[in-house]
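Fold and geometry: a report
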Amino acid sequence: MPRQIEGFWIEQQQTWWTSAFPFSRERFQAIWSDIMEEHYTSAEAIAKHLAAGSGIAPPEFVKLLLERYKGKLYRDDALEFQQGYTRPLALLQLAFVEVAHGAAAAAELTRQNPLFSDEFIQRNIHWAASLIEEDITGRKCITLIADDELKREHTAGGKRKYYIEGFMTSCDSFIAYSVVCEGYFKGELY
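The following refers to the structure shown.

Definitions and cut-offs
Residues numbered from 1 in each chain as written. Predicted model: local features only at pLDDT ≥ 70, side-chain atom pairs only at ≥ 80, totals over all residues. Heavy atoms only, no water. Helix = DSSP H or I, 4+ residues; strand = E, 2+ residues; numbered from the N terminus. Contact = heavy atoms within 4.5 Å. Polar contact = N/O pair within 3.5 Å; in protein donor to acceptor, adjacent residues only side chain to side chain. Axes fitted to C-alpha atoms, helices over the stretch in contact; angles between N-to-C directions. Parallel < 35°, antiparallel > 145°, perpendicular 65-115°, else oblique. Left-handed = near helix turned anticlockwise from the far one by under 90°. Nonpolar A, V, L, I, M, F, W, Y, C, P; charged D, E, K, R; others polar. Core = buried A, V, L, I, M, F, W, Y, C linked by side-chain atoms within 4.5 Å. Buried < 20%, exposed > 50% of the residue type's maximum accessible area, 1.4 Å probe, protein only. Expected span 1.5 Å × (residues − 1). Arc of directions from axis to C-beta. Salt bridge = Lys/Arg side-chain N within 4 Å of Asp/Glu carboxyl O.

A short note on the environment of Glu80
Within the secondary structure layout, Glu80 lies in helix α5 (residues 75–101). Linking Glu80 and Tyr162, residues 82 residues apart in sequence, is a C-alpha distance of 5.6 Å. Beyond its immediate chain neighbours, meaning those up to four positions away, Glu80 contacts Arg160, Lys161, Tyr162 and Tyr163. Among the polar contacts made by the side chain of Glu80, one reaches the main-chain amide nitrogen of Tyr163 at a distance of 3.2 Å.

Observations regarding the packing of helix α3 (residues 42–50) against α5
At a minimum axis separation of 9 Å, α3 and α5 run at an interaxial angle of 140 degrees. Relative to α5, the element α3 is oriented oblique. In this structure, α3 crosses over α5, and the sense of that crossing is left-handed. Along its contact with α3, which presents Ala43, Glu44, Ala47, Lys48 and Leu50, the element α5 presents Tyr85, Leu89, Leu92, Gln93 and Phe96. Partitioning the contact of α3 with α5 into residue classes produces 7 nonpolar, 1 polar and 2 charged.

Details of the nonpolar core
A general trend in soluble globular proteins is that nonpolar side chains are found buried together. Residues Trp17, Phe174 and Val180 are the most contacted members of the largest nonpolar core, which totals 57 residues. For this core, the elements supplying multiple residues, two or more each, are α1 (5–13), α2 (25–37), α3, α4 (58–68), α5, α7 (119–134), α8 (139–155) and α9 (161–185). For this core, the element with the highest residue contribution is α9, accounting for 11 residues. Sequence-distant contacts of Phe174, defined by excluding residues within four places in its chain, comprise Ala43, Ile46, Ala47, Leu50, Leu89, Leu92, Thr137, Gly138, Arg139 and Ile142.

Brief notes about α2
An α-helix turns once every 3.6 residues. As a result, residues three or four positions apart point the same way. The end-to-end C-alpha distance of α2, which contains 13 residues, comes to 18 Å, matching closely the 18 Å that a straight helix rising 1.5 Å per residue would cover. Along α2, the residues that are buried comprise Arg27, Phe28, Ile31, Trp32, Asp34 and Ile35. Buried positions in α2, seen along its axis, are confined to an arc of 155 degrees and lie on one side of it. Opposite the packed face of α2, turned more than 90 degrees from it, sit the exposed residues Glu26 and Glu37.

A short note on the pattern of salt bridges
If charged atoms from side chains of opposite charge come close, those side chains can pair. In total, this model carries 14 salt bridges according to the counting rule given. Between Arg123 and Glu119 there is a salt bridge; the shortest N-O distance is 2.8 Å. Of the two residues, Arg123 and Glu119 are both situated in helix α7; the distance of 4 residues between them amounts to about one turn of the helix. The class of Arg123 is partly exposed, set by a relative accessible area of 31%. A single salt-bridge network, built from bridges that share partners, covers Glu119, Arg123, Asp148, Glu149 and Arg152.

Structural data, given as structure tokens:
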């Protein structure tokens, strides 16, 4: 018997999606629309709609941050969180372009959009593309990228608390929507 997505989300968030932002039916419908109508893979659609400017509007993003930190968040902390949040999603977006259209297309997109020229993204793009070729869901990619980035931050002294929290929120949210899309497609969730 199918289960309601919201109930499944809450149950999972209490176990292992500890950092994911709350489920949004509206965002899910936009993701699902891109999958069904635009023929995106679920990972492409999720990355697109979770990335800053593509699905979480700045006012909603700020609202989610203020709710999480109970209104006690400085501007620099919020910017650090946003940087951590957007990096893995932007990397996934660019890696999908490289897999689907080649390195030249990814390089052209990087030239056109300064977001993609970030040092983190450029350092990891080919690795991310190879991981997506192995696992089209993008889950392996985002998990290994997160593990690598967290090790790098820890080695560097781990002083960017909000960056790490943003990164983990991005990763947990991506994986959560991925699992929900899979369950929805199989008819296990509604």
